[in-house]
Amino acid sequence: MDSATLLSLRNVGVSFPRVRPGRGFRRQRDAFWALKDVSFDLYEGEALGVIGRNGAGKTTLMRLLAGILVPDRGTFTSSGVRSSLLSLNVGMVPHLSGRENIVLSGMLLGLERRQILDCMDAIIAFAELEEFIDDPVSTYSSGMKARLGFATAFQIDPDVLLIDEVLGVGDAAFAEKSSGVLREKIRSHKTVVLVSHNAQRIRNLCDRAVWLDKGVTRAEGSTDEVITQYSDFLEESSRSGRR
Amino acid sequence: MAAIPDRAQNRRSHYVNLVLYKVYAELRAESARTYVGFLWWIVDPVLSMAVYYGVFALLLDRGGAGFVPFLFVGLVTFRWLNMAIAHGATAIRENGNLMRQVYLPGIVFPAVAVLTDTVKFAVVFGLLLGFLWISGYPVAIPYLALPVLLGVELLLIAAVASMLASVMPFVPDLEIILSNSFRILFFVSGIFFSISSVPERYQLYLRLNPIASLIEAFRAVLLENQWPAWTPVLWIAALSVAGIALGVRQIARYDRVYPKLT
């Protein structure tokens, strides 16, 4: 692993215990491999897109990269960087005020309380919640909650930022604003992994891409190459599905 | 909006701060949820004490003059153990969603649950002390043992809660076993009778139950102006420290397995 490689996966598999109803009251226990054979490298400073259909294992892969899960087989090497998932509304409590939830959620995401208080005003302004910030979050509309969640989560700045489909949230105006700052962050940030089933989005934002299908990496390389293969595959499978 | 650099280098102190803030948040949220808020921390235990007082002192006419303080010391100390262990033991299982969003050491959750119940206990224990002083049980030198007894009970709670919390996500059935165990424990811990009053051949077995020994120790200090029997207290402390070490180690070992369990 050379110095520019931050994370490296070789034949990685992740399994989940699975219990299924069997005959009568009996239950069958086995393992479900959400990731079967995943290999790729993440280089410093790049924006890597991970593309794949539903059930490809994208979310499991993100949890692995975030350090929430560890591989059950294969090797996952990290150069010691901190990577975090951009998740909205982590651990928010409905009966607490917006302000208290910013602190709580920010601390759960790994920020120090001091850091959060320092940029509290900026978070509130970005979320456009000045009037309501001391009201309980249980009184917020879903759009207000989304704005609060995005403005808080956006504060994290790990070495590797992991983004799982959340680009624009809230109403149309806020969706544009949030996806705008996020695009900017992706373009300027050191290292980003962006997961999507939307090929166009990956093409616009990423330097390289990985195609994941049923827990297996089918391709890794330049965005155009990988997306062409992925699109061909989609066309092929929809054609054979129609037949 | 400028993003700020992630300077949370010292993870351990960060997690301690996180636990403390989460305890504050839990208490705040709980009191915000109801109309009279945190008054419930007082009203709830007082109501349950009133029920037992009604049944034992009035209906069954047990115990005589000193019975009410005797009962209340047992109830208050037992309730702390019961609540904190019940909440601590299920804490990891109940926070599965959070553990799937962001990496957090599993021990954070039982720690928050135990400390939250400890704060609520502190309020009720303060009231109990006030009640005892008014009822004519003076503060005396053996009160110096009180912090030790409280500390040992907290160790016992932490040990049982962390060990149970580490296995609860794998075996959810334990929750049912646990609530039944507490029901039995309630009747054999000497809350409304003195262990010295049961036939001698059973006393040893009843005293193997650590909370029974602790309740006796609290009563010695609060009601009889005597030093507690130190031998059982020290045994409980030593075994609890070993239990905490085991529980914490097991939780750390399965930190990244818990998010896989639903």
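Residues numbered from 1 in each chain as written. Chains lettered and ligands numbered in written order. Predicted model: local features only at pLDDT ≥ 70, side-chain atom pairs only at ≥ 80, totals over all residues. Heavy atoms only, no water.

Visitor: What am I meant to see in the overall build of chain B here?
Guide: A tally of regular secondary structure across chain B gives 10 helices and 0 strands. Seen in sequence order, chain B has helices and strands lined up from the N terminus as α-α-α-α-α-α-α-α-α-α. For 262 residues, the compact-globule estimate of 2.2 N^0.38 gives 18 Å, and the C-alpha radius of gyration of chain B, at 20 Å, lies within 12% of that figure. Per-residue burial for chain B yields a buried fraction of 47% across its 262 residues. (Helix = DSSP H or I, 4+ residues; strand = E, 2+ residues; numbered from the N terminus. Rg over C-alpha atoms; globule rule 2.2 N^0.38 Å. Buried < 20%, exposed > 50% of the residue type's maximum accessible area, 1.4 Å probe, protein only.)

Visitor: Is there a simple way to think about the overall build of chain A in this case?
Guide: Along the backbone of chain A there are 8 helices and 9 strands. On the principal axes, the C-alpha backbone points of chain A span a range of 55 × 50 × 40 Å. Every one of the 243 residues in chain A was classed for burial, and the buried ones make up 52%. Contacts spanning at least 24 positions in sequence make up 67% of the contacts within chain A whose residues lie at least 6 apart. Summed over its atoms, the accessible surface of chain A is roughly 11100 Å², and 48% of this surface lies on carbon and sulfur atoms. Across chain A, the mean location of the 31 positive side-chain charges is 11 Å away from that of the 31 negative side-chain charges. (Contact = heavy atoms within 4.5 Å. Areas by Shrake-Rupley, 256 points an atom, 1.4 Å probe, with all protein chains shown as cover. Lys, Arg positive; Asp, Glu negative; His and termini not counted. Charge placed at Lys NZ, Arg CZ, Asp CG, Glu CD.)

Visitor: Explain the interface of chain B and chain A to me, please; I cannot follow it from the model alone.
Guide: By a widespread convention, an interface's size corresponds to the accessible area lost as its parts come together. Contact with chain B, which involves 31 residues of that partner, is made by 41 residues of chain A. Contact between chain B and chain A buries roughly 3300 Å² in total, counting both sides, with carbon and sulfur atoms accounting for 61%. Across the chain B-chain A interface, the total number found is 2 salt bridges. In this structure, aspartate 72 of chain A engages lysine 260 of chain B in a salt bridge whose closest nitrogen and oxygen atoms are separated by 2.7 Å. Counting the contacts that link chain B with chain A gives 8 residue pairs in polar contact (both at pLDDT 80 or more). Secondary structure elements with two or more residues in the side of chain B that touches chain A: α1 (11-33) and α4 (96-101) of chain B. Of the residues in the side of chain B that touches chain A, the class split is 19 nonpolar, 3 polar and 9 charged. (Buried area = accessible area lost by both parts, 1.4 Å probe. Salt bridge = Lys/Arg side-chain N within 4 Å of Asp/Glu carboxyl O. Polar contact = N/O pair within 3.5 Å; in protein donor to acceptor, adjacent residues only side chain to side chain. Nonpolar A, V, L, I, M, F, W, Y, C, P; charged D, E, K, R; others polar.)

Visitor: What exactly am I supposed to notice about the environment of leucine 81 of chain B here?
Guide: Residue and element names in this part refer to chain B. Its place among the elements puts leucine 81 in helix α3 (residues 67-94). Residue leucine 81 is classed as buried on the basis of its relative accessible area of 3%. Taking the C-alpha atoms as reference points, leucine 81 and tyrosine 52, separated by 29 residues in sequence, lie 18 Å from one another.

Visitor: I tried to follow the confidence of the model for chain B on my own but got confused; where do I start?
Guide: Parts of the model with low pLDDT should not have their predicted coordinates read in detail. All names here are of chain B. Scored by pLDDT, chain B comes out at a mean of 90, with 96% of its residues at no less than 70. The model gives residues 1-9 a pLDDT under 50, and that stretch makes 26 contacts with residues more than four places away or in other chains. Predicted as a complex, the structure gets a pTM of 0.90 and an ipTM equal to 0.87. (pLDDT = per-residue confidence, 0-100.)

Visitor: Help me understand the layout of surface pockets in this model?
Guide: Here the idea is plain: a probe the size of a water molecule rolls over the atoms and shows the empty space left. Approximately 480 Å³ is the volume found for the largest pocket. For the largest pocket, the lining is made up of 18 residues, of which Pro17, Val19 and Arg29 of chain A together with Leu261 and Thr262 of chain B are closest to its centre. Where the lining of the largest pocket is concerned, the elements lending two or more residues are β1 (5-21) and β2 (27-43) of chain A. Of the residues in the lining of the largest pocket, the class split is 10 nonpolar, 1 polar and 7 charged. Quantified by volume, the second largest pocket comes out at close to 400 Å³. Taken together, 29 residues line the second largest pocket, and the ones lying closest to its centre are Ala66, Arg82, Ser83 and Ser84 of chain A together with Tyr103 of chain B. Among the secondary structure elements, those contributing two or more residues to the lining of the second largest pocket are α1 (58-65), β4 (73-78), β5 (83-85) and α2 (98-108) of chain A together with α1 of chain B. With 4 residues, α1 of chain B is the largest single contributor of residues to the lining of the second largest pocket. The residue inventory of the lining of the second largest pocket, partitioned by class, reads 18 nonpolar, 8 polar and 3 charged. (1 Å grid on protein atoms, 1.4 Å probe; cavity = no way out; pocket = protein on both sides within 12 Å on 5 of 7 lines; lining within 4 Å. Points joined across faces, edges and corners; volume = space filled by probe spheres on them.)

Visitor: Sorry if this is basic, but what is going on with the side chain of lysine 22 of chain B here?
Guide: For lysine 22 of chain B, the position within the fold is in helix α1. What makes lysine 22 of chain B buried here is its relative accessible area of 8%. Beyond its immediate sequence surroundings of up to four residues, lysine 22 of chain B is in contact with Leu104 of chain A together with Val112 of chain B.

Visitor: Just checking my understanding: could you explain unusual backbone geometry for this structure?
Guide: Generally, phi is negative for residues other than glycine and the peptide bonds are trans, each holding for most cases. Residue and element names in this part refer to chain A. A positive phi angle is found at glutamate 128, which is not glycine, with a value near 55°. Looking at the element boundaries, glutamate 128 is found in the loop between α4 (120-127) and α5 (142-153). We classify glutamate 128 as partly exposed; its relative accessible area is 39%. Here lysine 214, not a glycine, exhibits a phi torsion of approximately 50°, which is positive.

Visitor: I tried to follow α1 of chain A on my own but got confused; where do I start?
Guide: Since there are 3.6 residues in each turn of an α-helix, residues three or four apart along the chain are aligned in direction. Within α1 of chain A, 6 of the 8 residues are buried, which leaves the element mostly enclosed by the surrounding structure. Within the sequence span of α1 of chain A, burial applies to Lys58, Thr60, Leu61, Met62, Leu64 and Leu65 of chain A.

Visitor: What is the right way to look at the nonpolar core in this model?
Guide: In terms of nonpolar packing, the biggest core is built from 76 residues, with Ile51, Ile102, Leu148, Phe150 and Ile163 of chain A together with Leu104 of chain B touching the most fellow members. Sorting elements by how many residues they give to this core places α1 of chain B first, with 8 residues. Excluding anything up to four places from it in sequence, isoleucine 102 of chain A contacts Ile116, Met120, Ile123, Ile124, Ile133, Leu148 and Thr152 of chain A. (Core = buried A, V, L, I, M, F, W, Y, C linked by side-chain atoms within 4.5 Å.)

Visitor: I'm lost on the pairing of β1 of chain A in this one. Help?
Guide: Every other side chain in a regular strand lies on the same face of the sheet, so the side chains alternate between the two faces. Residue and element names in this part refer to chain A. For β1 and β2, the ladder comprises 13 bridges, and the chain directions are antiparallel. Among the inter-strand pairings, valine 19 is bridged to a residue of β2, identified as arginine 29. Between the end of β1 and the start of β2, which pair antiparallel, lie 5 residues, with glycine 24 showing a positive phi angle near 60°. Taken together, the 5 bridges between β1 and β4 define a ladder with antiparallel strand orientation. Directly across from serine 8, in β4, lies its bridge partner threonine 77. (Pairing = 2+ DSSP bridges.)

Visitor: Is there a simple way to think about the packing of α3 of chain B against helix α6 (residues 146-167) of chain B in this case?
Guide: Any two packed helices are characterised by the angle at which their axes cross and by the distance between the axes. All names here are of chain B. Relative to each other, α3 and α6 sit at 30°, their axes nearing to 8 Å. In terms of axis orientation, α3 runs roughly parallel to α6. As for the relative orientation of α3 and α6, their crossing is right-handed in sense. Touching Thr77, Trp80, Leu81, Ala84, Ile85, Gly88, Ala89 and Ile92 of α3 are Leu150, Glu153, Leu154, Leu156, Ile157, Val160, Ala161, Leu164 and Ala165, all from α6. (Axes fitted to C-alpha atoms, helices over the stretch in contact; angles between N-to-C directions. Parallel < 35°, antiparallel > 145°, perpendicular 65-115°, else oblique. Left-handed = near helix turned anticlockwise from the far one by under 90°.)

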